[in-house]
Amino acid sequence: MNMDSMLQVRNLKKYFPIKGSLFGAGPSYVHALENVDLDLYKGETLGVVGESGSGKSTLGRTIIQLEQPTAGKVLFEGKDVSALKGEELKRFRTNIQMVFQDPYASLNPRLSVGYAIAEPMIAHKRFASKAETKEATEELMKKVGLQPSMASQYPHNFSGGQRQRIGIARALSLNPKVLICDEAVSALDVSVQSQILNLFNALKRELGLTYIFIAHDLSVVRYISDRILVLYLGTVMEIAPKSRLFEKHYHPYTESLISASPEPSTAKRKGRIILSGEIPSPINPPKGCKFHTRCFKCMERCKVEEPGLREIETGHFVRCHLYDEKGRN
Amino acid sequence: MREKTFLESFSRHRLGVIGCVGVALILLAGVVGPFFVPFQKGYGEAMPLAGPSAENFLGTDALGLDLFSEIIWGARTSILISASAVLVAMFIGIPLGLVSGYSRGKIGALIDSAIEITMTIPTLPLMILISALVGPSVRTVAVVIGVFAWPTLARIVRNSTLKVSQMQYIEAAKVLGISKGSIMFKHILLNIAGPVLVDITLIMATAVLTESSLSYLGLGDPNVWSWGGILQTAFKAGHHFRAWWLVIFPAASIMLYVIFFNLLGIGINETLNPKSRK
């Protein structure tokens, strides 16, 4: 793998203010992201997993500037993009695009599919003539497995999988380098999921794309990713190359996640770790390690002191006191 | 299963279809009618204040003019005024509603209070004042009605915009670098066309009521026939005791105009939101 880091996230924080009640003590915040650091390498697929409420969607939305970070930076090719406005922001949009979760809600029902795909190219004046735009639209439709003759139809004539293909074609219309897929297959049937995942892989090879693939489904992330980032309450718990993470995970949270994913064979089903309780409220996250309230290996120290993100092996980072000394416990 | 198109669903809404047919007839009478019916002026050759007959279908007025012709030309005036009022209201209300609903912030709050303040103004007295000052003419009446009809439209556009801008496809458009203008005037406007259309039919109806009120008060354009004006002439001269047709027919015209446009609006609204139907 080429080790050029094309996108860097540094100390990214995102707090959403909640209106305090009349007699409440000041405003409170949803701590969606806490000091997230990550590097995205050219040509890789970075999977982001976590429970709902872990901040994985917020991470994608903040990287793509749908949300303004509360603190921290997002650097794309060495340039801070978190404060871009107007024309500069518009130009940045051509670099990173997004495929949305809901194929039904992410297409405007009143615009034809062909127009939906062509509109970004028109807005960015990619081509001088209408004929060229039309040609490019048809090319994109073919690329994602749609018939160009369907361009004049409206989204309600398409199935969920086809709509997701439309969403992908639209995202590709600006020739992006990075594609953020926010739960891009979780709304689809399992059989359709695999088709779309294969499409993502084929497009990556063909166009040299880099993906950030956000999902709650471990098997999906396992299938498509090169590296995996585990997020819990807006904090990075573990980052590792896929093969290593599934082989040897260090963080108790990752362990419980992997043990909870369904296995087709009964022989492997034993030893499932069931976490007690719910994910704590991000409005009032626990002190110390974010995971200590549910951790089955919790120590006294975890309740007061937040562990740092430590590189255990090359490229394998863990945030856990169990691995504070170089060796293991 | 194929989704039913709007027209297929609408055709099942009985009241809506009645309204639609009624509105079509009114438009036919007011737009095509004047080409076939002579404009009444001066003194008529018929008997003054004669009841409905084969020759004068709806009777004659105090000057011996044909009431049927007056009503047809009155329909033309009503359509002209209410349609112009709608255009004025759309021209002001749609952009303001879109901007206040989409960009929120300070500008949104400013427009919002402008809407609310304008809505609290009692319109009829103010319209009387303006018409009296500027002088009665079709154009004045149309503009004045439109200028006071925009807040309801702006508010409907604003509320629908608030709802639509939460949709993922608006976010997608933002990410794709589509300009604010295109997002508002294409992506959002196309999706709120339904409620806007409904409000337009209601403005058509209220505009005619207002126009009739102004004419009845003697503030209508004296050079055109209008339903309110016919009523005013009849009442001023006390003919409503002797010639019932001079009251019933113009009043019925106003009423039918309002009812048909309201029914059309109800039909469109309930077809678009089947849940609002009891």
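In what follows, the structure referred to is the one given above.
In what follows, the accompanying structure is described. Small disclaimer: the values here were computed from a predicted structure and weren't measured. Residue positions are given per chain, counting from 1 as you read along its sequence in written order. To read the labels, note that chains go from A and ligands from 1, taken in the order they are written. The predicted nature of this model means local features are confined to residues of pLDDT at least 70 and side-chain atom pairs, given and counted, to a pLDDT of 80 or more, with totals for whole chains, interfaces and linings taken over all residues. Side-chain numbers come from the whole structure's heavy atoms, not from hydrogens or water.

Here's the deal with the overall build of chain B
Move 1: Helix and strand assignments come from DSSP, with helices taken as H or I runs of at least 4 residues and strands as E runs of at least 2, each series counted from the N terminus. On a plain count of helices and strands, chain B comes out with 11 helices and zero strands.
Move 2: In sequence order, chain B lays out its α and β elements as α-α-α-α-α-α-α-α-α-α-α.
Move 3: By principal-axis analysis of the C-alpha atoms, chain B measures approximately 75 × 50 × 35 Å.
Move 4: Of all 278 residues assigned to chain B, the portion counted as buried reaches 48%.
Move 5: Working rule for contacts: check all heavy atoms of both residues, and any pair within 4.5 Å makes them a contact. Of the contacts made within chain B by residues no fewer than 6 positions apart, 72% connect residues no fewer than 24 positions apart.
Move 6: Accessibility throughout is a Shrake-Rupley quantity obtained with a 1.4 Å probe, and a residue counts as covered only by protein chains that appear here. Carbon together with sulfur atoms contributes 69% to the accessible area of chain B, which is approximately 14200 Å² in total. Three labels apply to residues, based on accessible area from a 1.4 Å probe with only protein chains included: buried if under 20% of the type maximum, exposed if over 50%, partly exposed otherwise in between.

A word on the pairing of strand β9 (residues 227-232) of chain A
A regular strand carries its side chains on alternate faces of the sheet.
All names here are of chain A.
Move 1: Along β9, six of the six residues are buried, which leaves the element largely enclosed by surrounding structure.
Move 2: Going residue by residue along β9, you find R227, L229 and L231 tucked away on one face and I228, V230 and Y232 tucked away on the opposite face as well.
Move 3: By the bridge criterion, four bridges tie strand β3 (residues 45-49) to β9 in an arrangement that is parallel. Across the sheet, residue L46 finds its bridge partner in β9, namely R227.
Move 4: The pairing of β9 with strand β10 (residues 235-241) spans six bridges and is classified as antiparallel. The partner of L229 across the bridge, within β10, is I239. A pair of strands is treated as paired once DSSP finds two or more bridges between them.

Description of the sheet that holds strand β1 (residues 5-18) of chain A
Residue and element names in this part refer to chain A.
Move 1: With antiparallel pairing, four strands are arranged side by side in an open sheet as β2-β1-β4-β5. Lying at the two open borders of the sheet, with one neighbouring strand each, are β2 (28-41) and β5 (79-80).
Move 2: Looking at chain direction, β1 and strand β4 (residues 71-76) are connected through five bridges and run antiparallel. Among the inter-strand pairings, V9 is bridged to a residue of β4, identified as V74.
Move 3: The angle between two axes is taken between their N-to-C directions and runs from 0 to 180 degrees, where each axis is a line fitted to C-alpha atoms and a helix contributes only its stretch in contact. Relative to β1, helix α1 (residues 56-63) is tilted by about 115°, and along the sheet it contacts β1, β2 and β4.

As for the layout of surface pockets
Move 1: Quantified by volume, the second largest pocket comes out at close to 890 Å³.
Move 2: Here the term cavity refers to a set of points on a 1 Å grid, laid over the protein atoms alone, in which a 1.4 Å probe fits but cannot get out; the term pocket refers to an open set having protein on both sides within 12 Å along at least five of seven lines, with lining residues being those that place an atom within 4 Å of a point. Forming the walls of the second largest pocket are 26 residues, and the residues nearest its centre are L66 and R93 of chain A together with Y102, K174 and K180 of chain B.
Move 3: Among the secondary structure elements, those contributing two or more residues to the lining of the second largest pocket are α2 (86-93) of chain A together with α7 (168-175) and α8 (180-191) of chain B.
Move 4: No other element matches the four residues that α2 of chain A contributes to the lining of the second largest pocket.
Move 5: Side-chain classes follow a simple rule in which Ala, Val, Leu, Ile, Met, Phe, Trp, Tyr, Cys and Pro form the nonpolar group, Asp, Glu, Lys and Arg form the charged group, and the remainder, Gly included, forms the polar group. Taken together, the residues of the lining of the second largest pocket sort by class into eight nonpolar, nine polar and nine charged. Grid points are joined across faces, edges and corners, and a volume is the space filled by probe spheres set on the points.

So, the packing of aromatic side chains
In this description, an aromatic ring pair is defined by two values, namely the gap between the centres and the angle between the planes.
Move 1: When two rings of Phe, Tyr or Trp (its six-membered ring) have centres within 6.5 Å they constitute a pair, described as stacked for plane angles under 30 degrees, edge-to-face for angles over 60, and tilted for the intermediate range. The full count for this structure, using the stated rule, is 11 aromatic pairs over all chains.
Move 2: Judged by centre distance (4.9 Å) and plane angle (35°), the rings of Y257 of chain B and F261 of chain B are tilted. Of this pair, Y257 of chain B and F261 of chain B are both found in helix α11 (residues 245-272), four residues apart, which corresponds to roughly one turn of the helix.
Move 3: Linked through ring pairs, F200, Y211 and F213 of chain A together constitute an aromatic cluster.

A look at the environment of T5 of chain B
Move 1: The topology assignment puts T5 of chain B in the segment before α1 (6-10).
Move 2: It is 19 Å that separates the C-alpha atoms of T5 of chain B and I18 of chain B, two residues lying 13 residues apart in sequence.

Don't take any of this as a statement about function, it's just geometry.
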